Amino acid sequence: MQTTFQRNDLAFSYIVKADLPDIVRMLAKESVCRLLSFGPNTEQDTRNYFEPLVESIGKSLEMNELPKEHVFTIRKENGEFLGQCGLLPIAFSPGNFLIGYTLDDTGWRQGYGEKSCRFLVEYAFNILRASRISGDCFSGNIGSRRVMEKCGFIAEGCQKRYWTKNGEVYDNLLFGLLNRENNEPDS
């Protein structure tokens, strides 16, 4: 089963244990986590979240099966760590996945977010045969909102005063993208 996907100058690989030190460093940064619902994290918090994912994904891949969760490490061709991204299944909603991407601040404003989102959309619709991808972000996260919009996501709503982070309150912006090949026309 394929575990690494090359897209132009980026490699997207299913997460493995060796990726955790880079992810731990990234998610410990205030700059990276400022407009995320979590973090900055301690090393243990990050490991507690990602180690079960690494184990679950690894077991599925060893059995030559698609994992339930699809979490990828993003690296440049030279192996430099850029971040991580993923598609997580929405409970009780087969074919619906939540998209997520987190880039280290060293990779901001260079088009890597959009490339990562485009990879996930392609993977979700072509490999997973997803019918829908859902996304959300803090109202102040202009970069994430723009990435989703550039990749075809449609603004679907706003949950007012949803997130509180460092004493500030943010709305939660909701986005969706339908796989037109696997869906009935909109009602």
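All of these numbers come straight from a predicted model, not from anything done at the bench. Per chain, the residues get numbers from 1 upward, laid out in the order the sequence is written. Thresholds applied to this predicted model are a pLDDT of at least 70 for local features of residues and 80 or more for the giving and counting of side-chain atom pairs; totals over whole chains, interfaces and linings are not thresholded and use all residues. Side-chain metrics in this entry use all non-hydrogen atoms of the structure; hydrogen atoms and water are not considered.

Draft legend 1. Here's a closer look at the environment of lysine 76. Within the element layout of this structure, lysine 76 appears in strand β3 (residues 70-76). Residue class for lysine 76 comes out partly exposed when judged on its relative accessible area of 23%. Distance in space between the C-alpha atoms of lysine 76 and tyrosine 162 is 35 Å, their sequence separation being 86 residues. Contact between two residues is taken to exist if any of their heavy atoms lie within 4.5 Å; hydrogens are not considered. In this structure lysine 76 touches Asp9, Leu10, Leu82 and Tyr112, once residues within four positions along its chain are discounted. To qualify as a helix, a DSSP run of H or I must reach at least 4 residues; to qualify as a strand, a run of E must reach at least 2; elements of each kind are numbered from the N terminus. Working definition: with a 1.4 Å probe on protein chains only, accessible area under 20% of the residue-type maximum means buried, over 50% means exposed, and in between means partly exposed.

Draft legend 2. The arrangement of the sheet that holds strand β7 (residues 154-165) in detail. Here the rule is simple: two strands pair whenever DSSP picks up at least two bridges between them. In space, the 8 strands of this open sheet follow the order β1-β2-β3-β4-β5-β6-β8-β7, with mixed pairing throughout. Looking along the sheet, the strands with just one partner apiece sit at the ends: β1 (4-7) and β7. Each neighbouring strand pair of the sheet contributes to a mean axis angle of 25°, computed without reference to strand direction. Of the pairings in the sheet, the one linking β1 to strand β2 (residues 10-14) comprises 4 bridges and is antiparallel in character. By the bridge assignment for β2, phenylalanine 5 is matched with phenylalanine 12. Where helix α3 (residues 43-62) meets the sheet, its contacts fall on β2, β3 and β4 (81-89), and the angle it forms with β3 comes to roughly 100°. For every element, the axis is a line fit to its C-alpha atoms; helices are fit only across the contacting stretch, and the angle between N-to-C directions ranges from 0 to 180 degrees.

Draft legend 3. The arrangement of the side chain of aspartate 19 in detail. Among the secondary structure elements, aspartate 19 is positioned in the loop between β2 and α1 (20-27). What makes aspartate 19 buried here is its relative accessible area of 7%. Among the polar contacts listed, one links the side chain of aspartate 19 to the side chain of arginine 75, at a separation of 3.0 Å. When residues no more than four places from it in sequence are discounted, the contact partners of aspartate 19 are Tyr14, Thr73 and Arg75. Counting of polar contacts relies on pairs of N or O atoms within 3.5 Å, with two restrictions inside protein: one atom must be capable of donating a hydrogen and the other of accepting it, and residues adjacent in sequence are counted only when both atoms are side-chain atoms.

Draft legend 4. Examining helix α4 (residues 112-127) more closely. Here, expected helix span is obtained from the residue count minus one, scaled by 1.5 Å. In this model, α4 (16 residues) spans 21 Å end to end at C-alpha, consistent with the 22 Å of a helix rising 1.5 Å per residue. All of the buried residues in α4 are Tyr112, Gly113, Ser116, Cys117, Phe119, Leu120, Val121, Tyr123, Ala124 and Phe125. Arginine 129 sits one or two residues past α4 and shows a positive phi near 55°.

Draft legend 5. Representation of the environment of lysine 160 within the structure. Note on placement: lysine 160 falls in strand β7. Residue lysine 160 is classed as exposed on the basis of its relative accessible area of 63%. Once the C-alpha coordinates of lysine 160 and serine 134 are considered, the two residues, 26 residues apart in sequence, prove to be 18 Å apart.

Draft legend 6. Quick peek at the layout of surface pockets. Each pocket or cavity is described by its volume, and for the largest pocket that value is around 1,400 Å³. If you trace the largest pocket, you find 47 residues lining it, with Leu36, Tyr101, Thr102, Asn141 and Ser144 closest to the centre. Those elements giving two or more residues to the lining of the largest pocket turn out to be α2 (30-33), α3, β4, β5 (96-103), α4, β6 (132-138) and α5 (142-150). In terms of residue count, α5 provides more of the lining of the largest pocket than any other element does, 7 residues in total. Three residue categories are used. Nonpolar comprises Ala, Val, Leu, Ile, Met, Phe, Trp, Tyr, Cys and Pro, charged comprises Asp, Glu, Lys and Arg, and polar comprises the others, including Gly. Each residue belonging to the lining of the largest pocket can be placed in one class, and the counts come to 24 nonpolar, 17 polar and 6 charged. Residues are called lining when one of their atoms sits within 4 Å of a cavity or pocket point, these points coming from a 1 Å grid over the protein atoms alone, where a cavity is a set in which a 1.4 Å probe fits but cannot get out and a pocket is an open set with protein on both sides within 12 Å along at least five of seven lines. Grid points are joined across faces, edges and corners, and a volume is the space filled by probe spheres set on the points.

Worth remembering: the numbers are spatial, not functional.
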